[in-house]
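Observations on the three-dimensional arrangement
One letter stands for each residue in the lines below.
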Amino acid sequence: MTPHVVQDVELPSPGGKGVPTVLRSFQPPAPQSVGLDPSDLQVVRDGLFQGTHDPNGTSYGTFGHFPIPIAGKTGTAEKVVTLPGQKTSQVLNQSLWCGWGPYDAPKIVVCAVIENGGHGAAAAAPAAAEVLAKFFHIKANAGAGPNTD
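I will try to describe carefully the structure that is included in this document. (Residues numbered from 1 in each chain as written. Predicted model: local features only at pLDDT ≥ 70, side-chain atom pairs only at ≥ 80, totals over all residues. Heavy atoms only, no water.)

Side note on the side chain of T52
Basically, it comes down to this: To qualify as a helix, a DSSP run of H or I must reach at least 4 residues; to qualify as a strand, a run of E must reach at least 2; elements of each kind are numbered from the N terminus. Whether a residue is buried, partly exposed or exposed follows from its accessible area with a 1.4 Å probe, protein chains only, as a fraction of its type maximum: under 20%, in between, or over 50%, in that order. Here a polar contact means two N or O atoms within 3.5 Å. Within protein one must be a hydrogen donor candidate and the other an acceptor candidate, and residues neighboring in sequence count only if both atoms are side-chain atoms. Note on definitions: a residue-residue contact is assigned when non-hydrogen atoms from the two residues lie within 4.5 Å.
Relative to the elements of secondary structure, T52 occurs in helix α1 (residues 38-53). Given the relative accessible area of 0%, T52 is considered buried. Of the polar contacts made by the side chain of T52, one reaches the backbone oxygen of I70; its length is 2.4 Å. Dropping the residues within four chain positions of it, T52 is found in contact with S59, Y60, F63, G64, I70, A71, G72 and W97.

Pasting the structure below:
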């Protein structure tokens, strides 16, 4: 699937109340095959599901008991930064998490990046859980606590 950013352009209703008027809608382009073997793709999907549901998964603490089956992976990237008011640089961790839900019938993809946020399980996964909880109209459950990357 080609990434698709915009759904429509809207004109707000007068006074900001009521339903906005859609001026133009955009349809995503039709998916195109990239020639990937479905069994190879299933291995990746299974691994991403284990990242959220296996007790050793890096985001099990956030998604292991989440009411909707979520698949995804944490990440941590190091970056050399000089914070305001400091003269020396330091290496800080950038917190990452990407995934989707529900696992077996995806409706949403979420990628969270928290600059200088620490490990992916510590900041980005919980932030993504909040987005997913809002999308699915459920209460986020912190679960068993974060694992490390």
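After presenting the structure, the write-up continues.
Considerations on the packing of aromatic side chains
Defined as follows: Note on aromatic contacts: the rings of Phe and Tyr and the six-membered ring of Trp form a pair at centre separations within 6.5 Å, being stacked when their planes are under 30 degrees apart, edge-to-face when over 60 apart, and tilted otherwise.
The full count for this structure, using the stated rule, is five aromatic pairs. Relative to F66, the ring of F63 lies with its centre 5.5 Å away and its plane at 65°, an arrangement referred to as edge-to-face. By relative accessible area, F66 is classed as buried at 6%. Look at F135 and F136: their rings are 5.0 Å apart centre to centre, the planes differ by 90°, and that puts the pair in the edge-to-face class. Note on F135: relative accessible area 38%, which makes it partly exposed. In textbook terms, an aromatic cluster arises when at least three aromatic residues are bridged by ring pairs, as seen for F49, W100 and Y103.

Some remarks on unusual backbone geometry
Residue P102 follows G101 across a cis peptide bond; omega there is -20°. Mapping P102 onto the fold places it in the loop between β4 (90-101) and β5 (108-114). Even without glycine at this site, N116 takes up a positive phi of about 55°. Tracing the backbone shows N116 in the loop between β5 and α3 (124-136).

Observations regarding the environment of F135
In this structure, F135 sits in helix α3. As a C-alpha pair, F135 and V80 span 55 residues in sequence and 34 Å in three-dimensional space. Leave out the neighbours within four places in its chain, and F135 touches K107 and I108.

What to know about the nonpolar core
Under the convention used in this document: Each nonpolar core is a collection of buried residues, namely Ala, Val, Leu, Ile, Met, Phe, Trp, Tyr and Cys, held together in the definition by side-chain atoms within 4.5 Å.
Core analysis: the biggest nonpolar cluster contains 15 residues, and F63, F66, I70, W97 and L132 have the highest contact counts within it. At seven residues, the largest contribution of residues to this core is made by α3. If sequence neighbours within four positions are ignored, L132 has contacts with F63, F66, I70, W97, I108 and V110.

Overview of the state of the cysteines
Short version of the rule: In this description, a disulfide is simply a cysteine sulfur pair whose atoms lie within 2.5 Å.
According to the stated counting rule, one finds one disulfide in the structure shown. There is a disulfide in this structure between C98 and C111, and the S-S distance comes to 2.3 Å. Its S-S torsion of approximately 130° makes the covalent link between C98 and C111 right-handed. Taken together, the residues C98 in strand β4 and C111 in strand β5 connect sequence positions 13 residues apart. Residue C98 is classed as partly exposed on the basis of its relative accessible area of 37%. Given the relative accessible area of 53%, C111 is considered exposed.

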